[in-house]
Amino acid sequence: MARKDVGPHSCHTNDIMTRDGTRRTVSWFNVLSLDSGGNMQDVTSLGVDLTAQKEAREAVEISEERLNLALDAANDSVWDLDCETREVFVSPQLTNLLGYPPNSIEGTYEAWTQLIHPDDLDTLGKALWGAAESRGAFECEIRIKAADGNWKWVLDRGKATESSDERTSVRMVGTLQDIHARKTVEKELRRAKMAADLANSALKINMSHLRTLMETMPELVWVKDAGGGYLFCNHRFERLYGAKEAEIIGRTDFDFVDVELAEFFRGHDRAAMESGKPRINEEQLVYKDDGHVEYLETIKTPLYDSDGKLIGVLGVARDITERKRILDELKESELRFKVLHNASFGGIFIHDQGILLDCNQGLSDITGYSQEELIGMDGLLLVAESVRNEMGERVLQRSERPFDTVGLRKNGEEYPLRVTAKGMPYKGRMVRAVEFRDITEKKHAEDKLKDSERRHRVIFENSPLGMIRISREGRILDCNDRFVAMMGSTREALIGFKMLGVYNRKMGQALAAAIAGQPSSYEDYYASETGSREAFLHIQFNPVNPGQSSTEVIATLEDFSERKMDQDALREAKEQAEACSRSKTEFL
């Protein structure tokens, strides 16, 4: 029977603000109270705080979203099996992995087991149903058929869910993880190990046959594995290290010589193995057995097994001390000849009042006249007609200062000529000895140098990189407009600025190394001291004269500020992905 004092009622939900400024979500139930005449007397409202319920629902949605993202990132699939009805739910990640269309596989245990490799069915069945019976967990690796007919390896993990209600059927939940790539690698590793074992066996057999031959050779012979450990050496090599073969085998060069020499040996080992062909080098070594010194020519050849796999390096070294001595003497003789050749005149002649009295073959080569034609010729005929008056005045003045002029060959060709003259006694009278040097190539080189300097200037000024030239004292000698823009300054403020004195200690060290002749680089944030700009810069300091201290430096600057921001964004995304992965692990 309805109460006459209760009128209509209503429900609604809205957000309210509490005294402390907290926003709460409240569901309201409103009832009208009536008097005896049926008129509205007042309203009674009951509010239920739904904030916690709303936040919990949102947290669940976020958790589910994160789980899906984590599963997608890890390429894992989730499955849920009702052990009584044998109904199975599998997340879409598995059908994506196997290449099947969505919802194309019936959600039953029998339908999914039809995709399991026959050899793995028994393993999976025992593990899964055993865990269901014991209310435990299981883990096994199985193969499952993909849409293309190939078998993919997956790691199946599952666990029985616990329920306080005994009437509720047992459920198994778990994940399927793609491990096909790992299983493929493991198979290849097993195959590689088998091949390596066979190669080692073959190597031991071959070594026994080669030992007799190598022991009788006058050269040093040794074999190392790919890691630098000695596998064999002959008696001649034993003398080098002053140790028996048994003491050398299994050890490396670092056990017998200083680090620098050992690194030298190891570097040539690597060069031979990386090139895949023999490498030759020369080295001067001291024999530890008696202290004598030999120059050795060493040939290092990579060794391969029957499958073409690198297993080490063979070294053969022969004594070239005598040959080296002969070659050094020959080089010294050649050097003396070159010095004398460079010190002599190019084309020389002796003249008296302009008439040639004598000349060398060099003058004939330069002018195209034979020596017979040159003797008695007027020397002015050897220069262009346009400069003969000037040349005549110099002859009269007996000038000894070198000068450039224009020569004239027999065929009428004019060419740039450097002339040097000096007075000398000749057969009882004073004459002039003159050197003619064809400077055509020098002129061409000078022109090319000027052209190169112009091109380099254009490149310097128009380069998209900031470029600066720095003195030996670390001051800026020149810079391009791009560098000025990077610094947010002016060219006047930058020229003469001492970069070694900047507050950035790391950049100062890189510049100091370049001034000392060693290329160096700097990459970090840099705030201009002459401007108002800060950027993430990559600076490459290149010494003008590498290896020489001190030297000028050319530096190039790239603004990597945008790339740095991208890297930071990528790192943040990676951290978020890792957080998702952790969430997945906690969920499982």
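The secondary structure content of the protein chain amounts to 17 helices and 23 strands. Residues classed as buried in the protein chain amount to 34% of the 588 residues present. Across the protein chain, contacts joining residues at least 24 apart in sequence account for 41% of those joining residues at least 6 apart. Of the accessible surface of the protein chain, which amounts to about 36200 Å², a share of 53% is contributed by carbon and sulfur atoms.

Assignment of secondary structure puts Glu 139 in strand S6 (residues 137–145). Separated by 17 residues in sequence, Glu 139 and Asp 156 place their C-alpha atoms 5.7 Å apart. Excluding residues that lie within four positions of it along the chain, Glu 139 makes contacts with Leu 155, Asp 156 and Arg 157. Looking at Glu 139, its side chain comes within polar contact range of the side chain of Arg 157, at 3.1 Å.

Strands sit in the order S10-S9-S13-S12-S11 across an open sheet of five strands; the sheet is antiparallel. At either end of the open sheet lies a strand with only one pairing partner, and these are strand S10 (230–233) and strand S11 (279–286). Across the sheet, the mean angle separating the axes of adjacent strands is 25 degrees when strand polarity is ignored. As paired strands, S11 and strand S12 (residues 293–304) are joined by eight bridges and run antiparallel to one another.

We now examine the sheet that holds S6. As summarised here, the arrangement of the five strands in space is S5-S4-S8-S7-S6, forming an open sheet in which the pairing is antiparallel. Unpaired on one side and paired on the other, strand S5 (88–90) and S6 mark the two borders of the sheet. Averaged over all neighbouring strand pairs, the angle between strand axes comes to 25 degrees, with direction disregarded. Where strand S4 (residues 76–82) lies against S5, three bridges are found, and the strand directions are antiparallel.

Counted by the stated rule, this structure contains 10 aromatic pairs. Where Tyr 525 meets Phe 536, the ring centres are 4.9 Å apart and the plane angle is 75 degrees; that geometry is what we call edge-to-face. Here Phe 536 lies in strand S22 (residues 534–543) and Tyr 525 lies in strand S21 (residues 520–527), a separation of 11 residues in the sequence. Overall, the relative accessible area of 5% leaves Phe 536 in the buried class. Members of the aromatic cluster, each reached through a chain of ring pairs, are Trp 222, Tyr 230, Phe 237, Tyr 241 and Phe 256. Positioned above the aromatic ring of Trp 153 is the side chain of Lys 183, whose terminal nitrogen or guanidinium carbon lies 4.5 Å from the ring centre. Between the NZ or CZ atom of Arg 409 and the centre of the ring of Tyr 415, over which it lies, the distance is 3.9 Å.

Counting 29 residues, the largest nonpolar core has Trp 79, Leu 81, Leu 94, Trp 112, Phe 138, Ile 144 and Met 172 as its most contacted members. Elements that contribute at least two residues to this core include exactly S4, S5, helix H2 (92–98), helix H3 (109–113), helix H4 (118–134), S6, strand S7 (151–160) and strand S8 (171–178).

Looking now at unusual backbone geometry. Excluding glycine, residues mostly have negative phi values, and the peptide bonds linking residues are mostly trans. The omega torsion of the bond from Ser 549 to Ser 550 falls at -5 degrees, within 30 degrees of zero and hence cis. Along the polypeptide, Ser 550 turns up in the loop between S22 and strand S23 (553–559). Residues other than glycine seldom take positive phi values, yet Arg 86 does so here, at roughly 60 degrees. Within the element layout of this structure, Arg 86 appears in the loop between S4 and S5. You will see that Asn 103, though not glycine, has its phi angle at about 60 degrees, which is positive. One can find Asn 103 in the loop between H2 and H3.

In total, this model carries 41 salt bridges according to the counting rule given. Put simply, Glu 110 and Arg 86 hold a salt bridge, and the shortest N to O gap is 2.6 Å. Placement of the pair is Glu 110 in helix H3 and Arg 86 in the loop between S4 and S5, with a sequence separation of 24 residues. Measuring nitrogen to oxygen at the nearest pair gives 3.1 Å for the salt bridge that ties Arg 323 to Glu 297. Of the two residues, Arg 323 is situated in helix H9 (residues 321–343) and Glu 297 in strand S12; the sequence distance between them amounts to 26 residues. Residue classification places Arg 323 among the partly exposed positions, given a relative accessible area of 38%. On the basis of relative accessible area, Glu 297 is assigned to the buried category, the value being 14%. Overlapping salt bridges, with partners in common, bring together Lys 224, Asp 253, Arg 266, Asp 269 and Lys 300 in one network.

Bringing helix H13 (residues 440–462) into the picture now. The end-to-end C-alpha distance of H13, which contains 23 residues, comes to 33 Å, matching closely the 33 Å that a straight helix rising 1.5 Å per residue would cover. Among the residues making up H13, those that are buried are Thr 440, Ser 452 and Phe 460. The secondary structure elements touched by the buried residues of H13 are strand S17 (414–426), strand S18 (429–438), strand S19 (466–470) and strand S20 (476–479).

Further remarks concern the pairing of S10. Every regular strand shows the same layout, with side chains that alternate between the two sheet faces. Bridge analysis of strand S9 (residues 220–225) against S10 gives three bridges, and the strand direction is antiparallel. Looking across to S10, one finds that Lys 224 is bridged to Tyr 230. If you look at the hairpin formed by S9 and S10, you'll find four residues sitting between the two strands, and Gly 228 has a positive phi there, around 95 degrees.

As a further point, take the environment of Ser 549. Summarising the element assignment, Ser 549 is placed in the loop between S22 and S23. Setting aside residues up to four positions removed in sequence, Ser 549 forms contacts with Ile 515 and Ala 516.

Before going further, it helps to spend a moment on the confidence of the model for the protein chain. In the predicted model, the protein chain carries a mean pLDDT of 83, and the fraction of residues at 70 or more is 87%. Here residues 337–343 scores under 50 on pLDDT; set against residues more than four positions off or in separate chains, the count is zero contacts.

With that out of the way, let us pick up the pairing of strand S13 (residues 310–319). By the bridge criterion, six bridges tie S9 to S13 in an arrangement that is antiparallel. When the bridges of S13 are listed, Val 221 appears paired with Val 316.

The rules behind the values
- Position numbers for residues count from 1 along each chain, tracking the sequence in the order it is written.
- Whole-chain, interface and lining totals are the exception, using all residues; otherwise, since this is a predicted model, local features are given only for residues with pLDDT of at least 70 and side-chain atom pairs are given and counted only at 80 or more.
- The basis for the side-chain values is all heavy atoms of the structure; hydrogens and waters are excluded.
- Helix and strand assignments follow DSSP, with helices taken as H or I runs no shorter than four residues and strands as E runs no shorter than two, numbered in order from the N terminus.
- Categorising residues by exposure relies on relative accessible area from a 1.4 Å probe, with only protein chains included: less than 20% of the type maximum marks a residue as buried, more than 50% marks it as exposed, and the intermediate range marks it as partly exposed.
- Any two residues whose heavy atoms approach within 4.5 Å are treated as being in contact.
- Note on areas: Shrake-Rupley, 1.4 Å probe, and residue coverage restricted to the protein chains presented here.
- Definition of a polar contact: a pair of N or O atoms within 3.5 Å, with one able to donate and the other able to accept a hydrogen when the atoms are protein atoms, and with sequence-neighbouring residues admitted only if both atoms are side-chain atoms.
- Strand pairing is assigned whenever DSSP detects at least two bridges linking the two strands.
- For helices, the fitted axis covers only the stretch in contact; all axes are lines through C-alpha atoms, and the angles between them, taken along N-to-C directions, range from 0 to 180 degrees.
- Stacked, tilted and edge-to-face are the three classes applied to pairs of Phe, Tyr and Trp rings, where Trp contributes its six-membered ring and a pair requires centres within 6.5 Å; stacked means planes under 30 degrees apart, edge-to-face means over 60, and tilted covers the rest.
- In this scheme, Lys NZ or Arg CZ marks a charge over a ring once it lies within 6 Å of the ring centre and within 35 degrees of the ring normal.
- The set of buried Ala, Val, Leu, Ile, Met, Phe, Trp, Tyr and Cys residues whose side-chain atoms join them within 4.5 Å is what this entry labels a nonpolar core.
- The rule for a salt bridge is simple: a side-chain nitrogen of Lys or Arg has to be within 4 Å of a carboxyl oxygen of Asp or Glu.
- Expected span, for any helix, means 1.5 Å times one less than how many residues it has.
- Confidence of the predictor at the level of single residues is captured by pLDDT, which takes values from 0 to 100.

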